[in-house]
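Tertiary structure, described
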Amino acid sequence: MVRFPFSLLLLLAAAVLPFPARAAAPPDVIFHNGVIATMSPAGTVQAVAVTGGKFAAAGEEKDILALAGPGTRLADLGGRFASPGLIDAHSHPMETIYLKNDWVDCRYPGTPSVARALANIAAWAAKTPKGQWIYAACASASENKFTEKRLPTKAELDKAAPDNPLVLANGAHQVVINAAAITALGITKGMTRMPRGATVVLGPDGEPTGVVLDSQADIPTAPSPATLEQAYTTGIQDLWNENGFTSVLAITPAAALPVLQQVAASGVRPHIRYTVSVWTASDASNMPENLDAFRMPAKADPAWYRFAAIKDWVDGENDARSGYMCEHYLGRDPDDPPGGRGTLVTPQPGADRFAAIAARNGVIPMFHCSGDAALDIGLTAYETLAASGTPMPPLLRIEHFGMFQMHPGQLARAVALRKSGLRVTIQPIWLTELVKADFANMARDLAASGFRFRSLVDAGLEPAASTDMTGIYLGNITPIRAMAACVTRESDAGSFEPEQAVSPEDALRMWTVWAAAAMGEADVKGSITPGKYADMTVYSDNLLTMPKEKIKDARVVRTIVGGETVYQSD
């Protein structure tokens, strides 16, 4: 794919696209005195006009201000840099609010050791009624981060919370549970699989060790209806708006969906746009053939609430040694799943069925694929669907594409699937957290094949960035740090594969135009173009021109959704 520098785009825009296009009536509001990157052929402009919550015009300051009428509000951006509103293309926002507010905090680095984690749990248990479930959150790969270089054991959890079923999450794909939880869940000697796809790790004697993998649908959590309503009315939008987001693809458990549908039907306008992906079980074995129950109610405004996709996990995650690989993980960890190659959650027949359900219902299928063997399954499912001759879904998606490992043949297969609508998502912030764990868990050449963002861009895959917020890493909500990591390639293991750095422009595209395209919404968001939603993010510094090593220190100072300021820091 031929790419042009921003400077050339600016010259082309000036020659081909005269701005502004005069609105039929004076605009509602004009944002002016800015340095506004439209992420469109118009290049950078100084002002934009908004009518009815959508962009009406964009261009030079004097031209846009000339459109103002007596009732037009003027909003001065103070010379600040602005972009289209940031889009989080893959996230678990409800779980984030729930974990943030209602789980024991055992996250590294605030919790530096197993000993401190156990003390935090014991203090929580002391004030918790007997028999009530307790949940604790650790950062991913805590076994590599805690001082003891391991996770708490089942016996230690029994001592910390003897009277309560306890679940300690090590990231989003591995938990350690105590004896009370094992009993409550009906896990018995010799049992290796739970009904909805979770893997139970057994000791040499066949007894459960307390480690369970990919248990999203098998181990219950209990957010109350009030907690869910608070998340969907204020909690999510407040946190995401504060970090510059105007839209989020909300990966939503089917059990929580009725509350979101109720909020959507209430007529109350939110401050963030929800595009919804629904999951039913880790392996999607109970995904219904007909998805009508997942659609938004007739009273919901599709500008703010839209059911668009379904989600399936093909495997776990590499930092928990449960990403499904062609190769074996280095060494042997007592918490490893059987076979030493990770966890296969959804075999090929299940993946094929899942993709076909999405196609028949006209929604986007999303495959979670961390390991290279899992990626092969996702690609094969889409190749099979494309060859079937049946109507295709609006898009195909693979989540976490090439994040931990990627072979050249897999990149070529993905490029070939572009004509069938393949889009990929990445999580750039993981560069700052998980590279060291990759080298601890995998052979060096395999670990070095991950996080190859420049290769994805050069291949024309237009990767969409996302936070993948689950409530595990609360700091992952900051997209500017993720952009900085893309541009500088600074990781938790130092400078990592610097030739895979991307330009600041491409780093911003990942969160705007490419993210919108990955949600099937490029016609309404992702760039500042007349007719699209008037969503913008304003920054303390110009992300495209400031020294790349300083990008991480830039801040979001204002978030604008539908032409209204919903967050402002100064």
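The text that follows walks through the structure, step by step, so that each part is easy to find. (Residues numbered from 1 in each chain as written. Predicted model: local features only at pLDDT ≥ 70, side-chain atom pairs only at ≥ 80, totals over all residues. Heavy atoms only, no water.)

1. Here we look at the overall build of the protein
The helix and strand inventory of the protein stands at 17 helices and 26 strands. Scaling as 2.2 N^0.38, a compact globule of 570 residues should have a C-alpha radius of gyration of about 25 Å, and the protein matches this with 24 Å. Taken along the three principal axes of its C-alpha coordinates, the protein extends 80 × 50 × 45 Å. Contacts in the protein between residues at least 24 apart in sequence constitute 75% of all its contacts with a sequence separation of at least 6. Per element, the accessible surface of the protein, about 20,500 Å² overall, is 57% carbon and sulfur. (Helix = DSSP H or I, 4+ residues; strand = E, 2+ residues; numbered from the N terminus. Rg over C-alpha atoms; globule rule 2.2 N^0.38 Å. Contact = heavy atoms within 4.5 Å. Areas by Shrake-Rupley, 256 points an atom, 1.4 Å probe, with all protein chains shown as cover.)

2. Examining helix H15 (residues 479-488)
Extensive coverage of H15 is indicated by the burial of eight of its 10 residues. When H15 is considered as a whole, its buried residues turn out to be Pro 479, Ile 480, Ala 482, Met 483, Ala 484, Ala 485, Cys 486 and Val 487. Just beyond H15, the residue with positive phi is Arg 489, at close to 65 degrees. (Buried < 20%, exposed > 50% of the residue type's maximum accessible area, 1.4 Å probe, protein only.)

3. Let's talk about the environment of Ala 493
Considering the arrangement of structural elements, one finds Ala 493 in the loop between strand E22 (490-491) and strand E23 (494-495). Residue class for Ala 493 comes out partly exposed when judged on its relative accessible area of 46%.

4. Remarks on the nonpolar core
The biggest cluster of nonpolar side chains holds 133 residues, and the ones touching the most others in it are Ile 177 and Met 510. The biggest single contributor to this core is helix H10 (residues 372-387), with eight residues. In contact with Met 510, not counting residues within four places along its chain, are Ile 426, Phe 453, Val 457, Pro 463, Ala 464, Ala 465, Cys 486, Val 502 and Ala 515. (Core = buried A, V, L, I, M, F, W, Y, C linked by side-chain atoms within 4.5 Å.)

5. Considerations on the packing of aromatic side chains
Scanning the model with the defined rule gives 16 aromatic pairs in all. Judged by centre distance (5.3 Å) and plane angle (90 degrees), the ring pair of Trp 279 and Trp 313 falls under edge-to-face. Of this pair, Trp 279 sits in strand E16 (residues 273-279) while Trp 313 is found in strand E17 (residues 305-313), placing the two residues 34 residues apart along the sequence. A relative accessible area of 4% means that Trp 313 is categorised as buried. Within the aromatic cluster, the residues linked to one another by ring pairs are Phe 404, Trp 430, Phe 439, Phe 451, Phe 453 and Phe 496. We note Lys 127 situated over the ring of Trp 124; from NZ or CZ to the ring centre the distance is 4.8 Å. The ring centre of Phe 453 lies 5.5 Å from the NZ or CZ of Arg 489, which sits over that ring. (Phe/Tyr/Trp six-rings, centres within 6.5 Å; stacked < 30°, edge-to-face > 60°. Lys NZ or Arg CZ within 6 Å of the ring centre and 35° of its normal.)

6. Section: the packing of helix H3 (residues 93-102) against helix H7 (residues 225-242)
Helix-helix packing: each pair is described by the crossing angle between the helix axes and the interaxial distance. Where H3 meets H7, the closest approach of the two axes is 9 Å, and the angle between their N-to-C directions is 95 degrees. By the angle between their directions, the pair H3 and H7 is classed as roughly perpendicular. Along the contact surface, H3 presents Pro 93, Met 94, Thr 96, Ile 97, Tyr 98, Asn 101 and Asp 102, while H7 presents Thr 227, Leu 228, Gln 230, Ala 231, Tyr 232, Gly 235, Ile 236, Leu 239 and Trp 240. (Axes fitted to C-alpha atoms, helices over the stretch in contact; angles between N-to-C directions. Parallel < 35°, antiparallel > 145°, perpendicular 65-115°, else oblique.)

7. As for the side chain of Thr 72
Tracing the backbone through its elements, the reader meets Thr 72 in the loop between helix H2 (61-65) and strand E6 (73-76). At 2.9 Å, the side chain of Thr 72 forms a polar contact with the backbone nitrogen of Gly 69. Once residues within four sequence positions are removed from consideration, Thr 72 is found in contact with Pro 26, Pro 27, Asp 28, Val 29 and Ile 30. (Polar contact = N/O pair within 3.5 Å; in protein donor to acceptor, adjacent residues only side chain to side chain.)

8. Brief notes about the sheet that holds strand E1 (residues 29-32)
Read from one edge of the open sheet, four strands run E5-E4-E1-E6, paired in mixed fashion. One side of each edge strand has no neighbouring strand; the edge strands of this open sheet are strand E5 (54-59) and E6. Sheet twist, expressed as the mean angle between neighbouring strand axes with direction ignored, is 20 degrees. (Pairing = 2+ DSSP bridges.)

9. So, the packing of helix H9 (residues 348-361) against H10
The interhelical angle for the contact between H9 and H10, taken along N-to-C directions, is 50 degrees, at an axis separation of 9 Å. By the angle between their axes, H9 is oblique relative to H10. In the packing of H9 onto H10, the handedness of the crossing is right-handed. Contacts from Gln 348, Ala 351, Asp 352, Ala 355, Ala 356 and Ala 359 in H9 reach Asp 376, Ile 377, Thr 380, Ala 381, Tyr 382 and Leu 385 in H10. Split into classes, the residues belonging to the contact of H9 with H10 amount to eight nonpolar, two polar and two charged. (Left-handed = near helix turned anticlockwise from the far one by under 90°. Nonpolar A, V, L, I, M, F, W, Y, C, P; charged D, E, K, R; others polar.)

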